[in-house]
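Residue-level structure breakdown
Chain by chain, the residues:
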Amino acid sequence: RLRHMQFVESHVGPLTNYEVLNILNEQKKWHNAEQSKHKRARPKTHRLYSAVWINKQVGSYLTETGNASKQNREGINSMLNEISAFDTNKQLTRLEKLQIVNLCPRSEALLYSVVHQCHKKFAQPDIDKMLQIISKYSPEGEDEEEDE
């Protein structure tokens, strides 16, 4: 029995690393459940092997190197709500907010690399406030500060 995917919308916008990791984990659970139904191991070579390999590599990268495995939807939504409330002039673009969620920049230098012309958009006290908001919801706040 084949599982068919139906496209409701072909492009809904960029995804956070957290959302990508959740999609990959759901696919992995489904494939494992299907394999256990048939009581057979996944073949070493398969016509979809390259897709399986890519999914595995992306999943392990997001789990090992990023914040994606330590984030949750509530924390992401709270951080974005606080940043949106703080950014009253709507100077941050959607993609800049996406990068803030994915990278959780906790230093001014990293924030400047994510937000285009950050020094022109925000005054220094506002940049400090934004870094506090990001650190508040950042899953690895202490670890990165020790590395710097």
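Residues numbered from 1 in each chain as written. Predicted model: local features only at pLDDT ≥ 70, side-chain atom pairs only at ≥ 80, totals over all residues. Heavy atoms only, no water.

**Details of the overall build of the protein**
What counts is decided by this rule: Helix and strand definitions follow DSSP, with helices as H or I runs of at least four residues and strands as E runs of at least two, each counted in order from the N terminus. By the convention used here, residues are in contact when the closest approach between their heavy atoms is within 4.5 Å. Here the Shrake-Rupley method, with its probe set to 1.4 Å, supplies the accessible areas, and only the displayed protein chains count as covering residues.
In terms of regular secondary structure, the protein is built from 8 helices and 0 strands. Secondary structure elements in the protein, listed N-terminal to C-terminal, are α-α-α-α-α-α-α-α. Long-range pairs, those at least 24 residues apart, make up 64% of the contacts in the protein between residues at least 6 apart in sequence. Split by element, the accessible area of the protein, about 10800 Å² in all, is 52% carbon and sulfur.

**Focus on helix H1 (residues 17–37)**
Note the threshold: Given a helix with a known number of residues, its expected span is that number minus one, times 1.5 Å. Here's how the labels work: a residue is buried when its accessible area is under 20% of the maximum for its type, exposed when over 50%, partly exposed in between, all with a 1.4 Å probe on protein chains only.
Compared with the 30 Å implied by 1.5 Å per residue over 21 residues, the 30 Å span of H1 between its first and last C-alpha is a close match. Of all the residues in H1, the buried ones are Tyr18, Leu21, Leu24 and Glu34. Structurally, H1 contributes buried residues whose contacts are with helix H2 (49–65) and helix H3 (73–86). Once H1 ends, the next one or two residues include Lys39, with phi positive near 50°.

**Some details on unusual backbone geometry**
Peptide bonds are, in most cases, trans, and in most cases residues other than glycine have a negative phi. Not every positive phi belongs to a glycine, and Cys104 is a case in point at roughly 45°. Here Cys104 lies in the loop between helix H4 (94–103) and helix H5 (108–114). Positive phi is not limited to glycine here, since Gln117 has a value of about 50°. If you trace the backbone, Gln117 turns up in the loop between H5 and helix H6 (118–121).

**Topic: the confidence of the model for the protein**
Keep this limit in mind: Confidence of the predictor in every single residue is expressed as pLDDT, which spans 0 to 100.
In this model, the protein carries an average pLDDT of 83, and 80% of its residues clear a pLDDT of 70 or more. Of all helices and strands in the protein, the one with the weakest mean pLDDT is helix H8 (residues 141–147) (45), whereas H5 scores best (95).

**Section: the environment of Ala68**
Along the polypeptide, Ala68 turns up in the loop between H2 and H3. Taking relative accessible area as the criterion, Ala68 reaches 3% and is therefore assigned buried. Sequence spacing of Ala68 and Tyr18 is 50 residues, and the spatial spacing of their C-alpha atoms is 4.3 Å.

**Some points on the pattern of salt bridges**
To keep things clear, this is the line we draw: The term salt bridge refers to a pairing of a side-chain nitrogen on Lys or Arg with a carboxyl oxygen on Asp or Glu at a separation within 4 Å.
Inspection of every chain in the model, using the stated rule, returns 4 salt bridges. When the shortest N-O distance is used, the salt bridge between Lys136 and Glu82 registers 2.9 Å. Note that Lys136 is positioned in helix H7 (residues 124–137) and Glu82 in helix H3, a separation of 54 residues in sequence. Its relative accessible area of 24% is what places Glu82 among the partly exposed residues. Measuring nitrogen to oxygen at the nearest pair gives 3.1 Å for the salt bridge that ties Glu96 to Lys121. Taken together, the residues span a long stretch of sequence, with Glu96 in helix H4 and Lys121 in helix H6 at a distance of 25 residues.

**Focus: the packing of aromatic side chains**
We count it as follows: The aromatic pairing rule takes the rings of Phe, Tyr and Trp, using the six-membered ring of Trp, and pairs them if the centres are within 6.5 Å, calling planes under 30 degrees apart stacked, those over 60 edge-to-face and the rest tilted.
As enumerated under the stated definition, the model contains 1 aromatic pair in all. Judged by centre distance (6.2 Å) and plane angle (25°), the ring pair of Phe86 and Phe122 falls under stacked. Here Phe86, found in helix H3, pairs with Phe122, found in the loop between H6 and H7; they are 36 residues apart in sequence, far enough to count as distant. Like Phe86, the residue Phe122 is buried in the burial classification.

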